[in-house]
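Each chain, letter by letter, is given below.
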Amino acid sequence: MQQLRFPWFEDLFHAIDTASWNDLPNFFHPDIVYERPGYAPISGLDALRDFYSSTRIIAEGKHSLDGGLRDADKAICWGHFRGRSKSGDPLEERFADAYELEDGLIRKRTTFFFRAAI
C-alpha cells in the first residue's frame, strides 16, 4: 500500500512535535487565532508560542496524518496524535483541523477532537 504524503501539513506538525517554536512564523500569521476545545481562543503569535511551550499539557508526541486538502486560502487535515502528557499519562487522540490562510500563512486554526461531546 502506498503511503500518502502531505508535505505542508507534515512540516507544520514536525515543527510542533519537535518543539521548534522558532519555526512557528514559517506557518502562522502574526495575528493567528487558534480555537481549540477546552481553551479560550489563542490570539497572536506570541500567545501561540506560549501555549505550545507552557500551557499545552503535552510533553511529547507525534501527529500522524490520514488526509489533507489545501487551496489558496483554506486547508483541512485529519489524523491522530499519540504521545505523553507532562504528568506522564499516555495520550491518544483523533483530530481534524480547519485552517484559514492569509498570504500562505495560517490566520485561523480550529481543532476538533473525535470524542463524544453532546
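Keep in mind it's a predicted model, so treat the numbers as computed, not measured.

Thresholds, definitions, all that
- Residues numbered from 1 in each chain as written.
- Predicted model: local features only at pLDDT ≥ 70, side-chain atom pairs only at ≥ 80, totals over all residues.
- Heavy atoms only, no water.
- Pairing = 2+ DSSP bridges.
- Helix = DSSP H or I, 4+ residues; strand = E, 2+ residues; numbered from the N terminus.
- Contact = heavy atoms within 4.5 Å.
- Axes fitted to C-alpha atoms, helices over the stretch in contact; angles between N-to-C directions.
- Core = buried A, V, L, I, M, F, W, Y, C linked by side-chain atoms within 4.5 Å.
- Buried < 20%, exposed > 50% of the residue type's maximum accessible area, 1.4 Å probe, protein only.
- Phe/Tyr/Trp six-rings, centres within 6.5 Å; stacked < 30°, edge-to-face > 60°.
- Lys NZ or Arg CZ within 6 Å of the ring centre and 35° of its normal.

Draft legend 1. Layout of the sheet that holds strand 2 (residues 42-43). Pairing is mixed across the open sheet formed by 6 strands, whose spatial order is 2-1-6-5-4-3. Across the chains shown, the open sheet's two edge strands, defined by having one partner strand only, are strand 2 and strand 3 (58-70). Pairing between strand 4 (residues 74-85) and strand 5 (residues 90-102): 11 bridges, direction antiparallel. Looking at the pairing, G79 lines up with F95 of strand 5. Contacts from helix 1 (residues 7-17) reach strand 1 (28-35), strand 3, strand 4, strand 5 and strand 6 (105-113), with the element oriented near 170° to strand 3. Helix 2 (residues 45-55) rests against strand 1, strand 2 and strand 6 of the sheet, and its axis sits at about 55° to strand 1.

Draft legend 2. Looking closely at the nonpolar core. Ranked by size, the top nonpolar core spans 25 residues in total, and within it F9, F28, L48, Y52, Y99 and I106 carry the most contacts. For this core, the secondary-structure elements that each account for two or more residues are helix 1, strand 1, helix 2, strand 4 and strand 5. No other element matches helix 1, which puts 6 residues into this core. Among all residues touching L48, those that are not within four sequence positions of it are F28, I32, Y34 and I42.

Draft legend 3. View of the pairing of strand 4. Examined bridge by bridge, strand 3 and strand 4 share 11 bridges and lie antiparallel to one another. Paired with G68 across the bridge in strand 4 is C77. Between strand 3 and strand 4, which pair antiparallel one after the other, the connecting turn spans 3 residues. The turn joining strand 4 and strand 5, which pair antiparallel and follow one another in sequence, is formed by 4 residues; a positive phi near 95° is taken by G88.

Draft legend 4. Here's a closer look at the packing of aromatic side chains. What the rule picks out here adds up to 8 aromatic pairs. The interplanar angle of 40° and the centroid separation of 5.9 Å between the aromatic rings of F9 and Y99 together place this pair among those described as tilted. Of the two residues, F9 sits in helix 1 while Y99 sits in strand 5, which places them 90 residues apart along the sequence. Y99 matches F9 in its accessibility class, with the two residues each being buried. Members of the aromatic cluster, joined through ring pairs, are W21, Y34, Y39, F51 and Y52. Lying over the aromatic face of W8, R70 brings its terminal NZ or CZ to 4.2 Å of the ring centre. Seen from the ring of F114, R94 lies directly overhead, with NZ or CZ sitting 3.8 Å from the centre.

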